[in-house]
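As a plain string of letters, each chain reads:
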Amino acid sequence: MKKILVINGHPDRAPERLAWALSEAYAAGARQAGHEVRRLDVGALQFPLLRSAAEFNEGAPPPAIADVQRDIKWADHLVIVFPLWLGGLPALTKGFFEQVFRPQFTMRWRKNQMPQGLLEGLTVRLVVTMGMPAFAFRLFFGASGVRSFEKSVLGLAGIRRTGTTMFGGVGSESDRTTAQPWLAHVTALGRAGR
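Predicted model, so just to flag it, every value in this text is computed and none were measured.

Parameters and conventions
Residues numbered from 1 in each chain as written. Predicted model: local features only at pLDDT ≥ 70, side-chain atom pairs only at ≥ 80, totals over all residues. Heavy atoms only, no water. Pairing = 2+ DSSP bridges. Helix = DSSP H or I, 4+ residues; strand = E, 2+ residues; numbered from the N terminus. Axes fitted to C-alpha atoms, helices over the stretch in contact; angles between N-to-C directions. Core = buried A, V, L, I, M, F, W, Y, C linked by side-chain atoms within 4.5 Å. Buried < 20%, exposed > 50% of the residue type's maximum accessible area, 1.4 Å probe, protein only. Contact = heavy atoms within 4.5 Å. Parallel < 35°, antiparallel > 145°, perpendicular 65-115°, else oblique. Nonpolar A, V, L, I, M, F, W, Y, C, P; charged D, E, K, R; others polar. Phe/Tyr/Trp six-rings, centres within 6.5 Å; stacked < 30°, edge-to-face > 60°. Lys, Arg positive; Asp, Glu negative; His and termini not counted. Salt bridge = Lys/Arg side-chain N within 4 Å of Asp/Glu carboxyl O. Polar contact = N/O pair within 3.5 Å; in protein donor to acceptor, adjacent residues only side chain to side chain.

## Quick notes on the sheet that holds strand β1 (residues 3–8)
Across a sheet, strands are paired by hydrogen bonds formed along the backbone, either parallel or antiparallel in direction.
Reasoning step 1: Strand order in the open sheet formed by 5 strands is β2-β1-β3-β6-β7, with parallel pairing between adjacent strands. One side of each edge strand has no neighbouring strand; the edge strands of this open sheet are β2 (36–41) and β7 (160–167). Going across the sheet, the axis of each strand differs from the next one's by a mean of 15°, ignoring polarity.
Reasoning step 2: Where strand β6 (residues 123–129) meets β7, 7 bridges bridge the pair, whose relative direction is parallel. For Val 127, the partnering residue across the bridge sits in β7 and is Thr 165.

In structure tokens:
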């Protein structure tokens, strides 16, 4: 059994949002299988955006962010659900990860100036929603915004990706009939702890 932290990265934490429903579906599946689950909504947290390298490198994280860092240290596996906005993470979600993934939490610099990840052993699954077809995002854009997040943020911290699930053609997020197969798929991933 795993300790899983599910992060809903949609800036709007309303239950009508597909990202909220996918986060809930994964958490429900994981709990059904006996995994220990914690869940958080980025849109519910209060934190400032970083405005200088000094803040990023040396500043103390605000209390809400320190709590998230403790939850990440507790977890064996992360699940990060977010909508694709302008090819990448929404601005608030990116600001959240800038706050959380400060250098003193995620890496240390070796003498050869290469980073060593401090979160090695932790795994992650990304669940990404988007308006365009997912195959088009992969084929024409190389999934660049998602790949950059995987490598430049998660990878530098030593976190190993177990998979990325992309749901494209997302229109009205309130249409749960269309979303039912997606929710079932994510529930199954939760049960498997992947």
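## Observations regarding the nonpolar core
Considering soluble globular proteins, one finds that nonpolar side chains tend to be buried as a cluster.
Reasoning step 1: Core analysis: the biggest nonpolar cluster contains 35 residues, and Ile 72, Ile 80, Phe 96, Phe 101, Leu 126 and Ile 159 have the highest contact counts within it.
Reasoning step 2: Elements supplying a minimum of two residues to this core: β1, α3 (63–74), β3 (77–83), α4 (91–100), β6, α6 (134–141) and α7 (144–155).
Reasoning step 3: Looking at this core element by element, the count peaks at 4 residues for α3.
Reasoning step 4: Apart from the residues within four sequence positions on either side, Phe 96 is in contact with Ile 7, Leu 40, Val 42, Leu 45, Phe 47, Ile 65 and Val 68.
Reasoning step 5: Listed in part, the 21 residues of the second largest apolar core include Ala 30, Val 127, Phe 167 and Ala 179.

## Structural notes on the packing of α3 against α4
Working note: a packed helix pair is described by the angle between its axes plus the distance between those axes.
Reasoning step 1: Contact geometry of α3 with α4 gives a least axis separation of 9 Å together with a crossing angle of 75°. Overall, the two elements α3 and α4 adopt an arrangement that is roughly perpendicular. Between α3, through Ile 65, Val 68, Gln 69 and Ile 72, and α4, the contact on the second element is made entirely by Phe 96, Gln 99 and Val 100.
Reasoning step 2: Of the residues that constitute the contact of α3 with α4, the class distribution is 5 nonpolar, 2 polar and no charged.

## A few points about the packing of aromatic side chains
Reasoning step 1: For the structure on display, the rule yields 7 aromatic pairs.
Reasoning step 2: Considering the side-chain rings of Phe 96 and Phe 97, the 4.9 Å spacing of their centres and the 75° angle between planes classify their relative orientation as edge-to-face. Taken individually, Phe 96 and Phe 97 each receive the classification buried, so the pair is uniform in this respect.

## Things to note about the side chain of Arg 102
Reasoning step 1: Examined against the element boundaries, Arg 102 turns out to sit in the loop between α4 and α5 (103–106).
Reasoning step 2: The charged side chain of Arg 102 is buried without a salt bridge, its nearest counter-charge being Glu 55 at 6.1 Å.
Reasoning step 3: Engagement of the side chain of Arg 102 in a polar contact is seen with the backbone oxygen of Gly 59, the distance being 2.7 Å.
Reasoning step 4: The contact partners of Arg 102, leaving out residues within four places of it in the chain, are Leu 50, Glu 55, Phe 56, Gly 59, Ala 60, Pro 61, Pro 62 and Gln 69.

Purely geometric numbers; function is a separate question.
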